[in-house]
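A look at the structure
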Amino acid sequence: MSLLVVGLSHRSAPVSVLERAALSADAQVKLLQDTLAAEPAAEAAVLATCNRIELYADVDKFHAGVAELSLLLAQHSGVGLEELTPYLYVHYEDRAVHHLFSVACGLDSMVVGEGQILGQIKDALATAQELHTAGRLLNDLFQQALRVGKRAHSETGIDRAGQSLVTFGLEQLSAGAAVEAWAKGRKALVIGAGSMSSLAAATLARAGVGEIVIANRTFDRAERLARILTDSEDTDVSARAVPMESVPVELTRADIAVSCTGATGLVLTAEAVAAAVEGRTGLSVPGAESARTPSPAARTAQPGTPLAPAGVGAEEGCPLDLPGVQSTAGFSVLGEAAVAGMAAAELEQHAAWVDKGDAAGRAQRPAAAGTATVHDAGVSTLLDPESEADAIAALVSAVATAGRIPERRRPEPVAEAPRPAPVLALLDLAMPRDIDAAVHRLLGVRLVDIESLAEASADAPMAADVDQVRRIVSDEVAAFGAAQRAAHITPTVVALRAMAADVVANEIARLDGRLPGLDDKQRGEITQAVRRVVDKLLHAPTVRVKQLAAEPGGAGYADALRTLFDLDPETVAAVSRADDEPKNENENARNRGRA
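About the criteria used
- Residues numbered from 1 in each chain as written.
- Predicted model: local features only at pLDDT ≥ 70, side-chain atom pairs only at ≥ 80, totals over all residues.
- Heavy atoms only, no water.
- Helix = DSSP H or I, 4+ residues; strand = E, 2+ residues; numbered from the N terminus.
- Buried < 20%, exposed > 50% of the residue type's maximum accessible area, 1.4 Å probe, protein only.
- Contact = heavy atoms within 4.5 Å.
- Areas by Shrake-Rupley, 256 points an atom, 1.4 Å probe, with all protein chains shown as cover.
- Pairing = 2+ DSSP bridges.
- Axes fitted to C-alpha atoms, helices over the stretch in contact; angles between N-to-C directions.
- Expected span 1.5 Å × (residues − 1).
- Core = buried A, V, L, I, M, F, W, Y, C linked by side-chain atoms within 4.5 Å.
- Phe/Tyr/Trp six-rings, centres within 6.5 Å; stacked < 30°, edge-to-face > 60°.
- Polar contact = N/O pair within 3.5 Å; in protein donor to acceptor, adjacent residues only side chain to side chain.
- Parallel < 35°, antiparallel > 145°, perpendicular 65-115°, else oblique.
- Left-handed = near helix turned anticlockwise from the far one by under 90°.
- Nonpolar A, V, L, I, M, F, W, Y, C, P; charged D, E, K, R; others polar.

Side note on the overall build of the protein
A count of helices and strands for the protein gives 25 helices and 12 strands. Across the 595 residues in the protein, those meeting the buried criterion constitute 44%. Put simply, of all contacts in the protein between residues at least 6 apart along the chain, 70% involve residues at least 24 apart. Only carbon and sulfur atoms are counted for the fraction: they give 53% of the accessible area of the protein, which is about 29,700 Å².

Some points on the pairing of strand β4 (residues 89-92)
Moving residue by residue along a regular strand, the side chains alternate between the two faces of the sheet. A one-sided burial pattern is seen for β4, the buried positions being Y89 and H91 and the unburied ones V90 and Y92. Pairing of strand β1 (residues 3-9) with β4 involves 4 bridges; the strand directions are antiparallel. Counterpart to V6 in the pairing with β4 is V90.

A few points about the sheet that holds strand β5 (residues 187-191)
With parallel pairing, 6 strands are arranged side by side in an open sheet as β7-β6-β5-β8-β11-β12. The outermost strands of the open sheet, each flanked by one partner alone, are β7 (238-243) and β12 (445-448). For this sheet, the mean angle separating the axes of adjacent strands, direction not counted, is 15°. Looking at chain direction, strand β11 (residues 424-428) and β12 are connected through 4 bridges and run parallel. Residue L424 lies in a different strand from β12, and its bridge partner there is V445. Each of β11 and β12 touches helix α8 (residues 165-173); the most contacted strand, β11, lies at about 150° to it.

A closer look at helix α10 (residues 195-207)
Between its first and last C-alpha, α10 extends 18 Å over 13 residues, near the 18 Å set by a 1.5 Å rise per residue. Buried within α10 we find M196, S197, A200, A201, T203, L204, A205 and A207. One or two steps after α10, the chain reaches G208, where phi turns positive at roughly 100°.

With respect to the nonpolar core
Membership of the largest hydrophobic core comes to 67 residues, with the highest contact counts inside it found for L8, L165, L204, I212, I214, L229 and L429. When sequence neighbours within four positions are dropped, the list of residues in contact with L229 reads A201, A202, A205, I212, I214, T235, V237 and A239. A45, A96, V103 and L141 belong to the second largest nonpolar core, which has 36 residues in total.

Remarks on the packing of aromatic side chains
Applying the stated rule across the entire model yields 3 aromatic pairs. Taking 5.4 Å as the distance between ring centres and 80° as the angle between the ring planes, the aromatic pair formed by Y56 and F142 counts as edge-to-face. Residue Y56 is found in strand β3 (residues 52-59), and its partner F142 is found in helix α7 (residues 136-155); the two are separated by 86 residues along the sequence. For the pair Y56 and F142, a shared accessibility class is recorded, and that class is buried.

Quick word on the side chain of E54
Summarising the element assignment, E54 is placed in strand β3. Classification of E54 as buried rests on a relative accessible area of 0%. Of note is the side chain of E54, whose polar atom sits 2.5 Å from the side chain of H99. Sequence-distant contacts of E54, defined by excluding residues within four places in its chain, comprise V5, V6, G7, A45, V46, L47, Y89 and H99.

What to know about the environment of A48
Among the structural elements, A48 can be located in strand β2 (residues 41-49). A relative accessible area of 26% places A48 in the partly exposed class. Residues A48 and L8, spaced 40 residues apart in sequence, show a C-alpha to C-alpha distance of 9.9 Å. For A48, the residues in contact, after removing those within four places along its chain, are Q28 and I53.

Quick notes on the sheet that holds β2
Taken together, the 4 strands give an open sheet; going across it, the order is β2-β3-β1-β4, and neighbouring strands pair in antiparallel fashion. Lying at the two open borders of the sheet, with one neighbouring strand each, are β2 and β4. The average undirected angle you get between the axes of adjacent strands in this sheet is 15°. Its contacts with the sheet put helix α2 (residues 25-37) on β2 and β3, and the angle it makes with β2 is roughly 160°. On top of the sheet, helix α3 (residues 62-77) reaches β1, β3 and β4; it is set at about 35° to β1, its chief contact.

Comments concerning the packing of helix α6 (residues 116-130) against α7
Look at α6 against α7: their axes get within 10 Å of each other, and the N-to-C directions meet at 165°. In terms of their interaxial angle, α6 and α7 are classed as roughly antiparallel. Considering only the axes of α6 and α7, their crossing is left-handed. Counting all contacts with α6, which are made through L118, I121, K122, A124, L125 and Q129, the residues of α7 involved are L138, N139, F142, Q143, L146, G149, K150 and H153. Split into classes, the residues belonging to the contact of α6 with α7 amount to 7 nonpolar, 5 polar and 2 charged.

Here's what the structure looks like:
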C-alpha cells in the first residue's frame with residue numbers, strides 16, 4: 001500500500017486561500033483524470049468540501065507523488081504553486097488512513113462531530129468509481145472510512161460535541177437564542193439546491209419557519225426540493241421554487257437567507273443586499289456606502305475628513321509623502337505621529353533635506369509645515385525649523401535602539417454607535433463565498449459566513465466522547481493496515497497454490513501413463529491423497545505467512561515466499577491485476593448502496 005494524500009483545509013489555510021482554491025465539479029473530474037494520467041499515480045479520488053480540498057492517490061514513489069499531486073492541485077485550483085505550498089499538508093500510508101478516518105468521524109471538521117462529511121465522502125467515492133479512477137485500495141479505504149464514521153456516531157456521543165455547519169451557522173445567526181424560537185414563523189430564502197442547500201432547507205423546516213423559497217439555476221432541481229419539503233410528514237412548511245432571477249425580489253420578503261451554490265463569483269453583492277433591505281423597510285441602509293471600499297483618490301476627497309495642512313509633505317524636493325496623514329489640533333503632522341513606524345533611512349533623508357534647505361525659505365513656510373512637535377510624557381515641545389533636523393536625528397537614534405518609532409500619544413477612545421437589530425439574517429456556506437464580505441459592514445444585516453464560523457468554532461467545547469472516537473480511529477487504522485498488508489501477500493499465496501495444483505495435475509497425468517490399468521475409483525483415491533498431502537504441507541506456511549505479513553514491516557514475506565518457491569513474478573502480477581480489475585456498474589452501484 002502506497003497511499004498518499006495532499007490537501008489543504010480550514011486548519012492549514014486561511015479562508016481567503018480556500019475560497020480561491022475551491023474546485024468546481026468539472027474541475028474535480030479533470031483533476032482526477034489528470035492525476036491518473038500522471039506517472040506516479042495508479043488510483044485517485046478527490047474530497048472537496050466547503051472547508052477542504054484533498055487529493056488521494058495510490059503512488060509508487062513518495063517524493064515524485066508529492067511533487068506531482070501538489071502541482072496538479074495548483075494547476076486545477078488556479079492558485080500558484082509557490083503560494084499554495086505553505087498551506088498544503090501531506091499524509092502517507094498509515095497516516096493518510098488515520099487522516100481520512102478522522103475526517104469521516106468529524107474530528108477534523110470545522111464543527112467537531114458534524115455528520116455531513118459522511119455524505120461528502122460517499123459522493124467522492126461515487127465520483128471516483130464512475131470515472132474508474134478508484135481501484136481496490138481507494139474503494140476499500142473510502143468504504144471503510146464510511147463504516148468507521150458511522151461506528152463513531154453510533155457507539156459514542158460525538159454528535160453532542162458538534163453539529164452540521166448549517167445548524168451551527170443558524171445558532172450563530174440567532175445570537176444565543178434557541179434556533180426554533182428565533183426561526184419560528186419567519187420567511188426563508190435558500191439559494192442553491194445541492195446537498196448543503198437541501199440540508200439547510202430541511203433544517204429550517206424543522207426549526208419551524210413559515211415559508212421556504214428555493215432559488216436555483218436549474219429550476220427543476222429547485223422545484224423537486226420544494227416538493228420534497230412540502231410533502232414531508234415531519235414538518236408543516238410551505239415551500240415553493242423560483243428562478244435565480246427572482247432572488248432580488250424574494251430577498252426583500254425574506255427574514256433569513258442561506259446561500260450555497262457552486263458559483264465562482266458573488267451571488268449577492270453588498271449593493272444587492274442593501275437594496276433588498278431598503279425595499280423591505282423603505283429606509284436607506286446605514287453603512288451601505290461604507291460597504292464599498294473607496295479608491296485612494298476618493299478617500300482623500302471625502303467631505304469632512306481632516307487632511308494634512310497644505311504644503312505638508314508636498315514641498316518641492318521633500319522626500320516624505322505625508323498627504324494622507326490627518327492633523328490634530330496642537331499636534332503637528334511633522335512630529336512624532338508622522339514618522340511613527342518609518343524607517344530610519346527615510347528619517348535621515350528628511351533630516352538632510354531640512355538641514356540643507358534655504359534658511360529664508362524655511363522661515364517663510366507656514367507654521368504647520370515648518371514646526372515639529374515632539375510629545376514626551378504628555379509634554380509638547382514646539383521646535384523651530386532650525387531644530388527640526390536635530391529632532392529627527394534623535395528619532396533616528398531611537399529607531400536604531402527600539403527598532404521603530406513608537407506613537408506615545410494615547411489615542412482618544414472611540415465609542416461605537418450601537419448597531420440596529422438586523423432585519424435580514426444571511427448565512428453563506430459556499431466556498432468560494434456567495435455573499436460579498438462587505439455585507440458585514442451593513443447596518444440592519446447580520447452575515448455569518450465560513451470565515452466567521454471558523455472563528456466561532458475555535459471556541460466550541462470538546463465533548464468527552466472525542467477521546468473515545470480517537471481510540472476507535474486508532475484501532476480501525478491498525479486493522480485496516482493489517483488487512484491491506486495481508487491482502488498484499490494474497491496474490492503470492494494464490495500463485496503458490498496454483499503452482500502446487502499444476503504439480504499435482506502433472507504427476508497424476510504421469511501416473512496415468514505408467515499405470516493405464518487404473519480404474520476411475522483408484523485414480524480418484526490417488527488424486528485425493530496427493531492433493532491432501534500438498535494442502536497439508538502448504539497450510540501452515542501460508543497461514544503463518546499471512547499472519548506475519550499483516551504485521552508492520554511484513555511486506556518482505558511475499559518476496560521471501562516468491563524466492564523460496566521460485567514463483568514466476570508474472571504469475572503473481574496476473575493474480576494482482578485480476579484482483580484490481582475495475583468493478584462493473586452493478587458492483588459499483590452495490591458498493592455505493594452499502595456505503
